[in-house]
Amino acid sequence: MNYSYSAGPPPQAPSCYRHPDRPTYVRCTRCNRYICGECMRSAAVGHQCPDCVGEGARSVRPVRTVFGGRQPGSSVPVVTYTLIGLNLAVFVLQRVIPGLENELVLWPRAVALGDLYRLLTSAFLHLGILHILFNMFALYFLGPAMEMVLGRLRFAALYLLSALGGSALVYLLAAPGSGTAGASGAVFGLFGATFVVGRKLNMDVRAVVFFIVLNLVITFLNVSVISWQGHIGGLVTGAVVGAAYVYAPRSQRALIQAGASAAVLVGLLLLIWWRTSELRAAMGLG
């Protein structure tokens, strides 16, 4: 005999917690909520929802360089290549824009009259093809290694502080009417920091010492055309900043590195302020 009966409506399939209109039987392996195909993220076991994936990513500590910088996701030395590109771009603009070189070069008298920007813009100017080729060649070989061990932010700070340190010593000691340009101060800063890093890592630094001494000899043999002030200022600044970065104790490393960078910057600015007051007084401007 056949019997008929009413079983009621079929049970409703569960739906995705992010898309209620999409039925699914797949659960997130982390929070056990239902997720549709669009919300599935592959995991080591099963699938996870976007919220759990994001929470997991936030809980993972970023990889750090040996001296505390954030390890970039790519091995490409982005900051080094950007600096090289900026120097090359300015070099081209010098050739196509009349008067640009005069507006950006470091003239102490012009700085004292208010053109403080020249202290940095002059570090991106070059006065000939051999001048820029030498500096960019050095930056290409020194930059990537320093960027890798320090991290991008610290490397950029090291470069710019070294450039400013070189310009500051030029401003302090060069003749007020002289003009100075070039990335040599920043490059010498990389030489100084490379030496410090090498010593910290127990590496053979004889080659670095050789190149530093060789370039200083060349500098002082050609003081009529080469700014020894820029080279020495950059070298000392780079060595000081580099030492602060690599010898900072791990427990307070980021704080000490940031504080040392700020202290060097403030010290350089105070020297610039003092020299500006002196030059303005000499020009009768008070």
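Scoring rules and cut-offs
- Residues numbered from 1 in each chain as written.
- Predicted model: local features only at pLDDT ≥ 70, side-chain atom pairs only at ≥ 80, totals over all residues.
- Heavy atoms only, no water.
- Helix = DSSP H or I, 4+ residues; strand = E, 2+ residues; numbered from the N terminus.
- Rg over C-alpha atoms; globule rule 2.2 N^0.38 Å.
- Buried < 20%, exposed > 50% of the residue type's maximum accessible area, 1.4 Å probe, protein only.
- Contact = heavy atoms within 4.5 Å.
- Areas by Shrake-Rupley, 256 points an atom, 1.4 Å probe, with all protein chains shown as cover.
- Lys, Arg positive; Asp, Glu negative; His and termini not counted.
- Charge placed at Lys NZ, Arg CZ, Asp CG, Glu CD.
- Core = buried A, V, L, I, M, F, W, Y, C linked by side-chain atoms within 4.5 Å.

1. Things to note about the overall build of the protein chain
Thought 1: Broken down by element type, the protein chain carries 11 helices and 2 strands.
Thought 2: Sequence-ordered secondary structure for the protein chain, helices as α and strands as β, is β-β-α-α-α-α-α-α-α-α-α-α-α.
Thought 3: Relative to its length of 286 residues, the protein chain is extended, with a C-alpha radius of gyration of 29 Å against a globular reference of 19 Å.
Thought 4: Principal axes of the C-alpha set define a box for the protein chain whose edges measure 120 × 45 × 35 Å.
Thought 5: Counting only residues that meet the buried cut, the protein chain has 41% of its 286 residues in that class.
Thought 6: Nonlocal contacts in the protein chain, meaning residues at least 24 apart in sequence, comprise 64% of its contacts between residues at least 6 apart.
Thought 7: By element, 66% of the accessible surface of the protein chain is carried by carbon and sulfur atoms, the whole surface being about 16,100 Å².
Thought 8: Computing the positive centroid from 22 side-chain charges and the negative centroid from 10, the protein chain places the two 9 Å apart.

2. Looking at the nonpolar core
Thought 1: If you look at the biggest cluster of nonpolar residues, it comprises 54 residues, and the most contacted ones within it are L139 and L158.
Thought 2: The greatest single-element share of this core, amounting to 9 residues, is contributed by helix α7 (residues 152-173).
Thought 3: Dropping the residues within four chain positions of it, L139 is found in contact with T80, L83, I84, P144, F155, Y159 and L190.
Thought 4: Core analysis: the next-biggest nonpolar cluster, separate from the first, contains 7 residues, C28, I35, C36 and C49 among them.

3. Overview of the side chain of N215
Thought 1: Examined against the element boundaries, N215 turns out to sit in helix α9 (residues 206-221).
Thought 2: We classify N215 as buried; its relative accessible area is 10%.
Thought 3: Discounting chain neighbours no more than four positions away, the residues touching N215 are F134, F188 and F191.

4. A word on the environment of L116
Thought 1: Mapped onto the elements of the fold, L116 is located in the loop between α4 (108-112) and α5 (118-121).
Thought 2: On a C-alpha basis, the gap between L116 and A89 in space is 22 Å, while along the polypeptide they are 27 residues apart.
Thought 3: Those residues in contact with L116 that sit more than four places away from it in its chain are V111 and I272.

As far as function goes, none of this settles anything; it's purely spatial.
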